[in-house]
Each structure stands twice: as C-alpha cells, then as structure tokens.
Amino acid sequence: MDNENNTNKTFNIYGEKFETLGEFKFYLSTGWNLGMQYKGVEYGIEGHNNSFDIWIYNKGDIANGLTLEETLDFEFDGVKLRDFITTDDVEILERHL
C-alpha cells in the first residue's frame, strides 16, 4: 500500500527509480533536486521554499514557481509527471540536495 505521508518508510536516496508517487513527493518536498530523462529529453526539477522549477538541460526553464501539485500535474510530451515518474518510461539521472 502506498503511504502518501511516508512516515514509516525508508527510501534508497540514490535509487534509480521511484517506487511510489508518495516517495517522489517526499523527495521533492524535502528539498531534493532531480535529473531525469523522458522520451529522449533530459529534464531537471529543483525545489526551494515550496516552489518548484522545471527545465530542459542545455535549453533553460520551462516552468517556474510551481506548487508541488502543479509540478506533479505538469505535462511532459502530453503526459502528467505523476503518471510516468514511477514507470520504466523515465530514467532517473541524478538526485541531490
């Protein structure tokens, strides 16, 4: 069962995949930054003070000042982040504070 609050779960902080949406939300909400590749494009997501920015590597920002829910609903090639972040369609390139 996916624990949305993740209060009793330990995560692999350098894992290559997010197992649940709750795990992904936990990482973003605690200040971790993310690099990922989806459909051949490399993206970055960075959070600061409960505000999130999304960019394409070597091209620049595509969204700024999003809430966590807006970030999860942001569409990459027509698909919401929340719908693909735990699938094999995305490759996690880096996670860091």
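Let us look at the structure shown here.

## A closer look at the pairing of strand E3 (residues 51-56)
Counting buried positions along E3 gives 6 out of 6 residues, so the element sits mostly inside the fold. Between strand E2 (residues 41-48) and E3, which pair antiparallel in sequence order, lie 2 residues; one of them, Asn49, sits at a positive phi of approximately 55°. Bridging between E3 and strand E4 (residues 60-66) involves 4 bridges; their strand directions are antiparallel. By the bridge assignment, Ile54 is partnered in E4 with Ala63. Adjacent in sequence and paired antiparallel, E3 and E4 are bridged by 3 residues, among which Asn58 carries a positive phi angle near 65°.

## Examining the pairing of E2
Pairing geometry for strand E1 (residues 33-38) and E2, over 5 bridges, is antiparallel. Paired with Tyr38 across the strands is Val41, a residue of E2. Counting the residues in the hairpin turn of E1 and E2 gives 2 residues, including Lys39, whose phi is positive at 50°. Relative to E3, E2 is paired through 6 bridges, and the arrangement is antiparallel. Residue pairing for E3: Glu46 is matched across the bridge by Asp53.

Rules and cut-offs
Residues numbered from 1 in each chain as written. Predicted model: local features only at pLDDT ≥ 70, side-chain atom pairs only at ≥ 80, totals over all residues. Heavy atoms only, no water. Buried < 20%, exposed > 50% of the residue type's maximum accessible area, 1.4 Å probe, protein only. Helix = DSSP H or I, 4+ residues; strand = E, 2+ residues; numbered from the N terminus. Pairing = 2+ DSSP bridges.

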